[in-house]
Amino acid sequence: MIKAAISGAYGRMGKMLIDNIVNSDDFELSAAFDIFNIGNDAGELSGVGTVGVPISDPENMGDILADTNTDVMIDFTAPDATVQNVTAASENGVNLVIGTTGFTEEQRYTIEQFIMKNNNSAVIAPNYSVGVNVFFKMIKEMSRYLSDYDVEVLEAHHNNKKDAPSGTALKAADVISETLGGKKYVYGRQGHAPRGDEIGIHAIRGGDIVGEHTVLFAGEGERMEIKHQAGSRQAFAGGAIKAARWITGAKPGIYTMEDVLGF
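Described below are features of the structure shown in this document. The shown structure was predicted, so the numbers you read here are calculated from the model rather than taken from an experiment.

**A look at the pattern of salt bridges**
Tallied over the full model, the rule gives eleven salt bridges. A salt bridge links Arg195 to Asp150; the shortest N-O distance between them is 3.4 Å. Pair noted here: Arg195 is in the loop between β8 (184-187) and β9 (198-205) and Asp150 is in strand β7 (residues 150-157), with a separation of 45 residues, a long-range link. Since its relative accessible area comes to 27%, Arg195 is described here as partly exposed. Between Lys161 and Asp163 there is a salt bridge, with the nearest N and O atoms lying 3.0 Å from each other.

**Regarding the nonpolar core**
Ranked by size, the top nonpolar core spans 33 residues in total, and within it Ile6, Leu17, Ile74, Val97 and Tyr128 carry the most contacts. Taken together, the elements giving at least two residues each to this core come down to β1 (2-7), α1 (12-22), β2 (27-33), β4 (72-75), α8 (234-247) and α9 (257-261). Sequence-distant contacts of Leu17, defined by excluding residues within four places in its chain, comprise Ile6, Ile74, Phe76, Ala237, Ala240 and Ile241. The next biggest cluster of nonpolar side chains, apart from the first, holds 19 residues, and it includes Val132, Phe135, Leu146 and Val151.

**Observations regarding the packing of aromatic side chains**
If you walk through the whole model with that rule in mind, you get three aromatic pairs. Considering the side-chain rings of Phe135 and Phe136, the 6.0 Å spacing of their centres and the 55 degrees angle between planes classify their relative orientation as tilted. Like Phe136, Phe135 is buried. When the centroid spacing of 4.9 Å and the interplanar angle of 80 degrees are considered together, the rings of Trp246 and Tyr255 count as edge-to-face. Directly above the aromatic system of Phe136 lies the positively charged group of Lys171, at a separation of 6.0 Å from the ring centroid.

**A few points about the side chain of Asp34**
Within the secondary structure, Asp34 is located in the loop between β2 and α2 (42-46). No salt bridge is formed by the buried Asp34. Its closest oppositely charged neighbour is Lys15, at 8.6 Å. A polar atom in the side chain of Asp34 sits 3.2 Å from the backbone nitrogen of Phe36. Ignoring sequence-local partners within four residues, the contact set of Asp34 consists of Gly8, Ala9, Tyr10, Gly11, Ile55, Ser56, Asp57 and Pro58.

**Considerations on the sheet that holds strand β10 (residues 211-219)**
Pairing is mixed across the open sheet formed by five strands, whose spatial order is β8-β9-β7-β10-β11. Of all the strands in the sheet, the pair left with one neighbour each is β8 and β11 (222-230). Going across the sheet, the axis of each strand differs from the next one's by a mean of 20 degrees, ignoring polarity. Across nine bridges, β10 lies against β11 in antiparallel orientation. Note that in β11 the partner of Phe217 across the bridge is Met224. Of the strands in this sheet, β10 and β11 are in contact with helix α6 (residues 130-145), which crosses β11 at around 165 degrees.

About the criteria used
- Residues numbered from 1 in each chain as written.
- Predicted model: local features only at pLDDT ≥ 70, side-chain atom pairs only at ≥ 80, totals over all residues.
- Heavy atoms only, no water.
- Salt bridge = Lys/Arg side-chain N within 4 Å of Asp/Glu carboxyl O.
- Helix = DSSP H or I, 4+ residues; strand = E, 2+ residues; numbered from the N terminus.
- Buried < 20%, exposed > 50% of the residue type's maximum accessible area, 1.4 Å probe, protein only.
- Core = buried A, V, L, I, M, F, W, Y, C linked by side-chain atoms within 4.5 Å.
- Contact = heavy atoms within 4.5 Å.
- Phe/Tyr/Trp six-rings, centres within 6.5 Å; stacked < 30°, edge-to-face > 60°.
- Lys NZ or Arg CZ within 6 Å of the ring centre and 35° of its normal.
- Lys, Arg positive; Asp, Glu negative; His and termini not counted.
- Polar contact = N/O pair within 3.5 Å; in protein donor to acceptor, adjacent residues only side chain to side chain.
- Pairing = 2+ DSSP bridges.
- Axes fitted to C-alpha atoms, helices over the stretch in contact; angles between N-to-C directions.

Written as structure tokens, this is what we have:
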């Protein structure tokens with residue numbers, strides 16, 4: 001059995017991940033962390049019944065991970081929290097699946113240095129949906145053949161999402177830019193019309209939209225769009241569980257979902 005801990009256990013993703021772990025044949029929930037509902041049973045709060053694992057204060061994360069012999073921790077929290085969580089996990093030999101987005105370059109560097117310094121393994125990805133990672137491959141291929149078309153990236157999420165544009169939209173733009181030799185980005189169109197030779201990125205926030213991403217290639221007399229819509233967070237949770245299973249047997253290093261899926 002793979003012993004897995006969840007950081008951000010009371011969040012929407014955290015609850016779904018606990019559900020997935022409790023109902024899997026090869027995982028055991030070893031620990032759960034959040035700043036809310038400390039001391040309450042993580043399973044009861046997630047709607048799967050009593051599991052005997054209380055939600056613990058992240059301040060005690062290092063000791064708890066060591067005491068429970070946790071193999072892997074899945075972290076969907078916030079950038080500042082993730083930096084602290086990575087420190088505690090890495091120092092205790094716990095591998096990581098990181099789904100938090102919105103890192104600064106400095107935060108990303110700090111996270112990677114802790115992981116490498118402690119000889120751990122981690123999957124870091126902006127989106128754990130299998131479909132989204134196929135989406136990335138498809139837009140890379142399309143960019144090669146539509147290199148002279150105008151490109152716009154549009155994304156939509158619920159009204160409580162903390163970062164904009166989304167990590168997935170930025171990853172899509174990175175894939176296209178790298179394929180086309182380093183195109184620059186603009187966010188929105190204010191002050192950038194008529195357009196130049198850049199990739200436009202646009203963010204929509206409203207209601208309970210789980211996640212939608214569209215890449216538009218517009219040429220003379222025609223346009224092509226490729227779109228991914230997530231109808232449920234299970235698309236992300238299932239991919240994160242797949243990543244946690246994969247990273248448990250991986251050599252030390254920092255990986256992406258492309259590695260997990262064998263692309």
